[in-house]
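Spelled out, the chains give:
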Amino acid sequence: MPDSTSSSALEHARAVAARQSFGPHFEHRATDARAVELLADRRIQLHPHAQWQLPTEMTWTEDPFSNRNWAAQLHMLRWLEPARRVALAGDEGARALWVEHARSWVEHNPPGASRSVWAWSDMVEAVRGFVLVAGLLIVDDAGWVLRALEQHGEWLEDDQHLGRANHALHQHEALFVIGTALRRDRWVALGRSRLQALLDESYDEQGVNAEGSPAYHDLNYRWWSRALRRLELEGEPPLPHAERVAAAPLALAHATRPDGEYESIGDGDGGRPRSLDHPATKYVASDGADGEPPADLVAVFDRGYVFGRSGWGETDRRLVEETFYSISFGSGRRVHGHADGGSLTYFAGGRPWVVDPGKYIYGEHPVRDLVLKRASHNVVHVPGRRHDRSCVVELVARATTSGTDHFVFEDRGYAGVVLRRSVTFDRRTEALVVVDHVEADGEIEAQQRWLFAPDVDVTLEGEDRLALTSPHGSTRMHMLAGGDVRLVRGQTEPHEGWKATGWGKAEPATQASVSRRGRRMTFAAVLVPPALSSTTVSGLDGTGLDSPEGLRLDLGVNGVVTAPPARQQHGVATDEGHAAGDEVLGTPGSGPQGSEVWPAVAGAKAAAWSATADPSVRLHAAEELRGRFGPFLTQDRDLGLRAAIADLTAAAPEDEQSGRVPLIAWSGDDAPRVRDVPLCSFAGVPRTFLPPQEPTVVTLDLGALTLPTLYSPGTSPVLTVLLHGALDRAKTTLPRFERVRTHAAFGGPVLAIGDPTLDLDRGLRLGWYLGTKPLDLPVVIAEWVRAVAEGCGARDIVVAGGSGGGFAAMHVASMLEGSTVFAVNPQTDLDGYFPRLVRPALDAVFGTGSAPRERTSVLDRVRATGASFRLFYVQNSGDRVHVERHRDPFLRELHEQRGSVEVRSVVIDSGPGHVGPKPAEYERLWRECIDMLGSSR
């Protein structure tokens, strides 16, 4: 055995200690000096507990709060760290304090013979091992520390002392560090091999940890990152599969609610993804001001989580205003998980409504017992029957489209009972529909349980609706009538109706239970966001629930929500954890090529124009498109086929979300209208345009696409051209015309232009007016704007748009000499924007080929045209993504080019994220822009 007391061995051990003394508990803090003052006065505070006075002589059996967490922290000795750090700066008093207490612990607690059960409990001894290693940097007589480290290494080497999950992680990395410091190669190798085995057990390929709680996913990511860093610092090669840890932040971003808090599932009471260096976690932690959102709106993780939302705050809507839901499934025996298989949460209107009960504390307490119970979660509970924690709640079916997420779960945890839960999230209404079918081997009572946030007051309205009211808004839960509804809040005998809100903290929260009796029962509930709180929900009855077509709910003017039948066998879970028969529409690369579709569409329309008065020619052309490309008409990315068929047949789709309204007025049709406005159409861009005297939708057939525009007459000498930004496709029926009323009130004339690029793929939220690969749409728009300006006698042209509309406005203006651009928070280079939005658009427009830079970069377009125009550039300072990636580099390079673009840059403060000005501020900025136009003459 190497001599660990030699000078060279001590020098080596101290070098290891210097490298390995890192992490939040071992790095300098501003509070260190104050902590040492308290320790000198024999006072310590082990958070989250109160301050405590140390006795004159410690026995190390002290437990003043009768709390396992406090006792464990006492024996970890991490509370000595401030003294060590202050001692490193030369403070002899601090060094003496560290030596006094550390040596006292060592003398009173020999391995296996301590009077406290916590002294050598798993993980506690590992953390203390790091404290002792770090202490080598300040002790003069290191012999006792080195002997103590020998004891810790021998203890950690013994398999009988190993804990599990993160406790084992701390033990393995401590064994590795102690072995490295003491030059014990066996311990080094054993620590590494154990870390490898635990890594494979702890993380799957999706980067999700096995412990059953987003809060512990966060902690484990930090702990594992630290452990991997320890290996790296000692020259060890990376562990196989270490990339799984690197994938963890993406999963954590999905587990974060729109308010930036982790969803409380299992042992967790919230928390935020602070200081995680990953674009996705930066985005959710900054309210969308920084970083980059994940690519998907819904994520399913094999370890038992579904996280879905309405959006990532990209449609001039703050991230916190989006709607979010979570569902837990899978194993009931996760280390920090609860009996919550099938449980869900719901967040809408900036706040949580349906919540998880949380953690409370570790140890014996009625509230801790409560939060662990299945009946405290948002599940179906069967009183009188034990739910088997070893049961795996399976995800048996999944279907996702651009507007709907649908999941079916099966739970056989109660003997003789099958629970089948269907959950549907409708992205258009942001309603969450939950249908539970219960089948039992005899008559039973079953309860559908719901726990609401503590500040939500719950009252029963009739027998089928709960009114939910908080200080910040209100909404409703609609239920299937006929159940026995019971509301409990803050009850103590027994405990029921509590939500844990922090360590040892709990607040009264309403627990609702809807009870039914029988062998076959059905429960249903519909949660709507606050915006729909007054909406009447019809169709929620037994007939619809048992229909083979599924449930069809009418939410009035807000639309229809459909949920497939939960009783139907949708599929069986595969080895990968996804349901067989999963339906994911619009898979890139699975549809037709633009080189096939666009000529066919243009040919069909040309045939229709040649016989415009004969509808049979148009119908025949539409049938030919259906016959040739029929299989692709159900996909999200159909490259404009649905839109072309709607134009040819002049028939609106049954479901407007699957297409758009017809936009070509063929001769012979009966005075067609769009949204109660007259419609007129041209085959291409007309050479001359006689403006109508009333608002009119004017469309241009461009072959592959139909360009929709809305002209509103006015008396101003300025023609305002309006281009729109990102859309929530689940809520928007094309075409989209933005801010028409606002600008019409300024005097008009106004030409609002919808982006036909969105017709290529119903999943696109932004198309940037790119057109198609052969059709450079801004060129055509500029030609059309010139014709309209000449027709109405406009003296000036202002092209206005926000976000993607601002990007397109600058492209169009670069081909309109002397025009003005009013751009709000625009993108300037698509290479600098979020791939989740850009990639689908580029794929739809350009296929697998690369996009020409002058179509994806404003600077490249400006260089190519050499045009002279004015730019009124408005930027929200809280949108750091656009400030740093778009505005700053764009304006810098534009200035360096010394071109002929006159720029006025205006900074506003609309708060964090991609948010534009409010109406009053928008009007002020617009008038400032018009003043700029006048002063430049």
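Residues numbered from 1 in each chain as written. Predicted model: local features only at pLDDT ≥ 70, side-chain atom pairs only at ≥ 80, totals over all residues. Heavy atoms only, no water.

So, about the overall build of the protein chain. Helices and strands together make up the secondary structure of the protein chain, namely 26 helices and 35 strands. A globule of 937 residues ought to have a C-alpha radius of gyration of about 30 Å, and the protein chain, at 33 Å, matches this closely. Residues classed as buried in the protein chain amount to 60% of the 937 residues present. Contacts in the protein chain between residues far apart in sequence, at least 24 positions, make up 66% of those at least 6 positions apart. Surface accessibility of the protein chain: about 36,000 Å² in total, with carbon and sulfur atoms responsible for 50%. (Helix = DSSP H or I, 4+ residues; strand = E, 2+ residues; numbered from the N terminus. Rg over C-alpha atoms; globule rule 2.2 N^0.38 Å. Buried < 20%, exposed > 50% of the residue type's maximum accessible area, 1.4 Å probe, protein only. Contact = heavy atoms within 4.5 Å. Areas by Shrake-Rupley, 256 points an atom, 1.4 Å probe, with all protein chains shown as cover.)

Right, let's get into the packing of aromatic side chains. A ring pair, where both rings are aromatic, is described by two values, the distance of the centres and the angle of the planes. For the structure shown, the criterion picks out 26 aromatic pairs. On the numbers, 5.7 Å between centres and 90° between planes, the contact of Tyr283 with Phe834 is edge-to-face. Here Tyr283, found in helix α13 (residues 279-285), pairs with Phe834, found in the loop between β33 (820-824) and α22 (835-846); they are 551 residues apart in sequence, far enough to count as distant. Taking relative accessible area as the criterion, Tyr283 reaches 2% and is therefore assigned buried. Plain terms: the ring middles of Phe329 and Phe409 are 5.6 Å apart, the flat faces sit at 45° to each other, and that makes the pair tilted. Of this pair, Phe329 sits in the loop between β5 (324-328) and β6 (330-331) while Phe409 sits in strand β11 (residues 404-411), and the two are 80 residues apart along the sequence. For the pair Phe329 and Phe409, one class covers both residues: buried. The positively charged end of Arg334 is found above the aromatic ring belonging to Tyr305, 5.0 Å away from the centroid. Across the ring face of Trp353, the terminal group of Arg351 is positioned such that the distance to the ring centre comes to 4.6 Å. (Phe/Tyr/Trp six-rings, centres within 6.5 Å; stacked < 30°, edge-to-face > 60°. Lys NZ or Arg CZ within 6 Å of the ring centre and 35° of its normal.)

All right, on to the sheet that holds strand β3 (residues 298-301) then. One open sheet accounts for five strands, arranged β3-β4-β5-β7-β8; its pairing is antiparallel. With one partner strand each, in any of the chains shown, β3 and β8 (351-354) form the two edges of the open sheet. Strand-to-strand twist in this sheet, taken as the mean axis angle between neighbours without regard to direction, amounts to 15°. In terms of strand pairing, strand β4 (residues 305-309) meets β5 through five bridges, oriented antiparallel. When the bridges of β5 are listed, Tyr305 appears paired with Ser328. (Pairing = 2+ DSSP bridges. Axes fitted to C-alpha atoms, helices over the stretch in contact; angles between N-to-C directions.)

Time to look at the side chain of Glu62. Along the polypeptide, Glu62 turns up in the loop between β2 (51-53) and α3 (68-76). Despite its burial, Glu62 remains without a salt bridge, the nearest opposite charge being carried by Arg115 at 7.9 Å. Within polar-contact distance, the side chain of Glu62 engages the backbone nitrogen of Thr59 at 2.8 Å. Within polar-contact distance, the side chain of Glu62 engages the backbone nitrogen of Trp60 at 2.8 Å. If we ignore the near neighbours within four places in the chain, the residues touching Glu62 are Trp52, Pro55, Glu57, Trp70 and Leu74. (Lys, Arg positive; Asp, Glu negative; His and termini not counted. Salt bridge = Lys/Arg side-chain N within 4 Å of Asp/Glu carboxyl O. Polar contact = N/O pair within 3.5 Å; in protein donor to acceptor, adjacent residues only side chain to side chain.)

As a general point, the strands of a sheet are linked pairwise by backbone hydrogen bonds and lie either parallel or antiparallel. Strand order in this open sheet of 10 strands is β26-β27-β28-β29-β31-β30-β32-β33-β34-β35, and the pairing throughout is mixed. Single-partner strands in this sheet number two, and they are β26 (673-674) and β35 (902-908). When strand β28 (residues 696-701) meets strand β29 (residues 706-712), the two strands line up antiparallel, connected through six bridges. Paired with Asp701 across the two strands is Thr706, which belongs to β29. The sheet strands contacting helix α20 (residues 777-792) are β28, β29, β30 (718-723), β31 (750-753) and β32 (796-802), and the helix crosses β29 at an angle near 30°.

Moving on, we come to the pattern of salt bridges. As enumerated under the stated definition, the model contains 69 salt bridges in all. Put simply, Glu854 and Arg861 hold a salt bridge, and the shortest N to O gap is 3.8 Å. With relative accessibility at 3%, the residue Arg861 sits in the buried group. A salt bridge links Glu923 to Arg927; its shortest N-O distance comes to 3.3 Å.

Our focus in this paragraph is the packing of helix α5 (residues 92-108) against helix α7 (residues 143-157). Relative to each other, α5 and α7 sit at 40°, their axes nearing to 11 Å. Comparing the axis directions of α5 and α7 gives the class oblique. Crossing handedness for the pair α5 and α7: left-handed. Every residue of α7 that contacts α5 at Trp98, Val99, Ala102, Arg103, Trp105 and Val106 is listed here: Trp144, Ala148 and His152. Here the contact of α5 with α7 is composed, by residue class, of seven nonpolar, one polar and one charged. (Parallel < 35°, antiparallel > 145°, perpendicular 65-115°, else oblique. Left-handed = near helix turned anticlockwise from the far one by under 90°. Nonpolar A, V, L, I, M, F, W, Y, C, P; charged D, E, K, R; others polar.)

For the rest of this paragraph, the subject is helix α25 (residues 880-897). Over its 18 residues, α25 runs 24 Å from end to end, which matches the ideal 26 Å to within 8%, given 1.5 Å per residue. In α25, a bend of some 30° at Arg887 exceeds every other bend along the element, and Pro889, a proline, comes one to four places later. All buried positions along α25 are accounted for by Val881, His882, Val883, His886, Arg887, Pro889, Phe890, Leu891 and Leu894. The inward-facing, buried residues of α25 contact α21 (804-813), α24 (858-865), β34 (870-876) and β35. (Expected span 1.5 Å × (residues − 1). Bend = angle between axes of the 7 residues up to and from the residue.)

In this structure, Leu625, Trp768 and Trp784 are the most contacted members of the largest nonpolar core, which totals 93 residues. Counting residues per element, this core draws most heavily on α20, at nine residues. Among the nonpolar cores identified, the runner-up in size contains 76 residues, and Phe26, Trp98, Ala119 and Ile138 belong to it. (Core = buried A, V, L, I, M, F, W, Y, C linked by side-chain atoms within 4.5 Å.)

Backbone phi values are negative for most residues with the exception of glycine, while trans is the configuration of most peptide bonds. Put simply, Leu734 and Pro735 share a cis peptide bond, and its omega is 0°. Following the sequence through the fold, Pro735 ends up in the loop between β30 and α19 (740-745). That bond from Gly748 to Pro749 is cis: its omega, 0°, falls within 30 degrees of zero. Relative to the helices and strands, Pro749 resides in the loop between α19 and β31.

A separate point is the pairing of strand β12 (residues 417-426). With nine of its 10 residues buried, β12 lies for the most part within the structure. Pairing geometry for β11 and β12, over eight bridges, is antiparallel. Bridged to Phe407 within β12 is Val423. Counted between consecutive antiparallel strands, the loop separating β11 from β12 contains five residues, among which Gly416 sits at a positive phi close to 80°. The sheet contact formed by β12 and strand β13 (residues 431-451) spans 10 bridges and is antiparallel. Along β13, the bridge assignment pairs Ser422 with Val435. The turn joining β12 and β13, which pair antiparallel and follow one another in sequence, is formed by four residues; a positive phi near 65° is taken by Glu430.

With that settled, consider the packing of α7 against helix α9 (residues 185-202). Close contact between α7 and α9 brings their axes to 11 Å; oriented N to C, the two are set at 45°. By the angle class used here, α7 and α9 are oblique. Considering the relative orientation of α7 and α9, their crossing is left-handed. Here Leu149, Glu150, Gly153, Glu154, Leu156 and Glu157 of α7 come into contact with α9, specifically with Arg186, Trp187, Leu190 and Arg194. Across the contact of α7 with α9, the residue classes break down as four nonpolar, one polar and five charged.

Here the focus is the environment of Pro826. Counting through the fold element by element, Pro826 comes out in the loop between β33 and α22. A C-alpha to C-alpha distance of 3.9 Å links Pro826 and Ser803, two positions 23 residues apart in sequence. Other than its neighbours up to four places away in sequence, Pro826 contacts Ser803, Gly806, Phe807, Met810, Tyr873, Val874, Gln875, His882 and His886.

Of note, Glu496 is situated in strand β19 (residues 495-496). For Glu496 and Arg183, which are 313 residues apart along the polypeptide, the C-alpha to C-alpha distance reads 55 Å.

Our focus in this paragraph is the pairing of β4. With respect to burial, β4 is a largely interior element, five of its five residues being buried. Alternating residues of β4 divide into Tyr305, Phe307 and Arg309 and Val306 and Gly308, and every residue in both groups is buried. Pairing of β3 with β4, which is carried by four bridges, proceeds in the antiparallel orientation. By the bridge assignment for β4, Phe301 is matched with Tyr305. Here β3 hands over to β4 after three residues, with Gly304 in that stretch at a positive phi of 115°.

Another aspect to go through is the environment of Thr56. Secondary-structure assignment places Thr56 in the loop between β2 and α3. When the C-alpha atoms of Thr56 and Leu925 are compared, they prove to be 70 Å apart, with 869 residues separating the residues in sequence.

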